[in-house]
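# Descriptive analysis of the structure
Listed below are the residues making up each chain.
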Amino acid sequence: MAPGAARRARRRVRGALPAGARARSAEDWWWDQLAPSGSGYHLLQSDSMLLVLPGPGPARTRVQRRAARRTQRLLPPASRASAAKARPRAAPAPEPQQGPDPGWGDRIPLEILVQIFGLLVAADGPMPFLGRAARVCRRWQEASSQPALWHTVTLSPPLAGRLAKSGAKAEKKVLASLEWLMPNRFSQLQRLTLIHWKSQLVSESCPRLTFLKLSDCHGVTPDTLVMLAKACPQLHSLDIQHSMVESTAVVNFLEEAGPRMRKLWLTYSSQTTAILGALLGSCCPQLQVLEVSTGINRNSTPLQLPVEALQKGCPQLQVLRLLNLMWLPKPPGRVVTPGPGFPSLEELCLAGCTCNFVSNEALGRLLHSSPHLRLLDLRGCARITPAGLHDLPCQELEQLHLGLYGTSDRLTLAKEGSHLLTQKWCHTLRELDLSGQGFSEKDLEQALATFSATPGGSPPALCSVNLRGTRVTPSTVSSVISSCTGLLYLNLESCRCLPRGLKRAYRGQEEVQWCLEQLLTSLPSSS
């Protein structure tokens, strides 16, 4: 090839526009329109969004700078001139700000920041998040100090088991922090939980307190609780389970705040008698929730609680729980006069693993005027029979627990009558517990068959069945699973009549349906 022809070919190659050069220059032009150089902003492109961020852009690498210069050299002179005309003039660089940039967190409105903090507090509580957020910047400190975020607080001394080793200095530091938090943060506090607390309560700074829980607390004096009742006019719930609180302190508190009390949780001990005596004397006429349970060390002393006196002293009771107690109902006396009952009662729990003296007669005295009962927990009450339950006035029971755990073999269990329970509440029962009961195979088959013929043709509401240790058969279990489409829990542990490999608990619809498939395949072989 002649030298002139080769020279002309090289010129054509240099003058040709490489592939993608026009698109790249247009993209750069749009980027300059959105964030001109010197404006104080730069663009950051991700997979699905384009961000305009304050501050200078990231420095380009040497390879990127070389590629940009090479692209500009390959462009023809006419294209360079048109691109220079189309490129907007750069804005003058602003004067540097005095001091550091406060950042994006300081630009969020205070109301929005408080709402964001409120979502975090609702999930994890105010401590320690709000304390750490207050150290970020002034705006975050202002948002975290809003009293509306401190409505529920749980306080526990740090290193509760090591206070003796660290000495009194650590305890003084904790008390100083609490004394500062009370007037500065707790003006709208509603729920307070103290764990392992041994100091006095600062109650004047919590006028809106409604719930107080003392867990494993010691040294609570009568004057402290009385002062708390006077300083917190809205306090209506007290939980002192597992705490060393004198009975005189609780009695004095109930005498001061009794007319407004709604909920009370107690641990049964030798001092509980005085507290229950105050309740029987109409000290808390508006009480709605009463729970008495034993601590870690079970108390073998029977609890004598007169039914009729409790109905007169707490007529508005909605929830009554006597958990793991040896409740010994006092006889009504020679003259049988039924008490006023609990017309608003919705939940009754008498569950326990020890010997229980609750009979059909005592249960009838408790529930003869409770038509709105929704939950009945009689686990461990071996003296209750299906006939006694069938005579109860409640017609819309949703949870029935009759499981027997650790009962003596000397007790004679009922073998018939389970169909009386399911026929009465088959349209409302959601949870049924018959574990350990001695009903026969035919009786269980008749009882569980009622769920396949619910009135109106609607599917039954049953979602949890516990048949542990019963004589249920494979055909009965398969019919229950087929009829109750919303079944989520099925316990078949220790069921003698079931084939091996299926005697376990099933959780979720997938496991329950798998159990049904296995039962259907095993039915022909067992017959």
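Residues numbered from 1 in each chain as written. Predicted model: local features only at pLDDT ≥ 70, side-chain atom pairs only at ≥ 80, totals over all residues. Heavy atoms only, no water.

As annotated in an unreviewed UniProt entry, the protein chain carries the name F-box/LRR-repeat protein 6 and is attributed to Neomonachus schauinslandi. Per UniProt, the comment on the protein chain under Function (unreviewed entry) is "Substrate-recognition component of the SCF (SKP1-CUL1-F-box protein)-type E3 ubiquitin ligase complex." (UniProt positions renumbered as here; feature names shortened; annotations may be inferred.)

## Focus on the overall build of the protein chain
Summing up its helical and strand segments, the protein chain has 19 helices and 16 strands in all. Residue burial in the protein chain is summarised as follows: out of 527 residues, 38% are buried. Approximately 29900 Å² of the protein chain is accessible, and the part contributed by carbon and sulfur atoms is 54%. (Helix = DSSP H or I, 4+ residues; strand = E, 2+ residues; numbered from the N terminus. Buried < 20%, exposed > 50% of the residue type's maximum accessible area, 1.4 Å probe, protein only. Areas by Shrake-Rupley, 256 points an atom, 1.4 Å probe, with all protein chains shown as cover.)

## A short note on helix α16 (residues 418-425)
Structurally, the α-helix is built with 3.6 residues per turn, so residues lying three or four positions apart point the same way. With 6 of 8 residues buried, α16 lies mostly within the body of the structure. Listed in full, the buried residues belonging to α16 are S418, H419, L421, T422, K424 and W425. Those residues of α16 that are buried are in contact with α15 (386-390), β12 (399-401), β13 (431-433) and α17 (441-448). (Contact = heavy atoms within 4.5 Å.)

## Topic: the packing of helix α11 (residues 247-257) against helix α12 (residues 272-280)
Following both chains from N to C, one finds α11 and α12 inclined at 15°, their axes separated by 8 Å at the closest point. One finds that α11 runs roughly parallel with respect to α12. The interaxial crossing formed by α11 with α12 has right-handed handedness. Residues S247, V250, V251 and L254 of α11 lie in contact with α12, whose contacting residues are A274, I275 and L279. (Axes fitted to C-alpha atoms, helices over the stretch in contact; angles between N-to-C directions. Parallel < 35°, antiparallel > 145°, perpendicular 65-115°, else oblique. Left-handed = near helix turned anticlockwise from the far one by under 90°.)

## With respect to the pairing of strand β5 (residues 211-215)
Burial within β5 is extensive, with 4 of its 5 residues counted as buried. Across 5 bridges, the pairing between strand β4 (residues 191-195) and β5 is parallel. Bridge pairing links L192 to L212 in β5. Examined bridge by bridge, β5 and strand β6 (residues 237-239) share 3 bridges and lie parallel to one another. Bridge pairing links L212 to L238 in β6. (Pairing = 2+ DSSP bridges.)

## Quick look at unusual backbone geometry
Cis geometry is found at the peptide bond from M127 to P128, where omega equals 5°. Within the fold, P128 resides in the loop between α5 (110-124) and α6 (129-133). Positioned with a positive phi, S282 is a non-glycine residue whose angle comes to about 60°. Mapped onto the elements of the fold, S282 is located in the loop between α12 and β8 (289-293). Given the relative accessible area of 40%, S282 is considered partly exposed.

## Overview of the packing of aromatic side chains
What the rule picks out here adds up to 5 aromatic pairs. Aromatic pair Y506 and W514: ring centres 6.4 Å apart, planes at 40°, arrangement tilted. Judged by its relative accessible area of 36%, W514 is partly exposed. Ring-pair connections join several aromatic residues into one group, and the members of that group are F117, F129 and W140. The residue whose ring lies beneath R191 is F211, and the NZ or CZ to ring-centre distance is 4.1 Å. (Phe/Tyr/Trp six-rings, centres within 6.5 Å; stacked < 30°, edge-to-face > 60°. Lys NZ or Arg CZ within 6 Å of the ring centre and 35° of its normal.)

## Some words on the pattern of salt bridges
Taken as a whole, this structure holds 9 salt bridges when the rule is applied. Between E396 and R374 there is a salt bridge, with its nearest N and O atoms 3.3 Å apart. Here E396 is found in the loop between α15 and β12, whereas its partner R374 is found in the loop between α14 (360-367) and β11 (375-377), with 22 residues between them in sequence. A relative accessible area of 43% places E396 in the partly exposed class. By relative accessible area, which is 27% here, R374 ends up partly exposed. Linked by salt bridges that have partners in common, E291, R321 and E347 make up one network. (Salt bridge = Lys/Arg side-chain N within 4 Å of Asp/Glu carboxyl O.)

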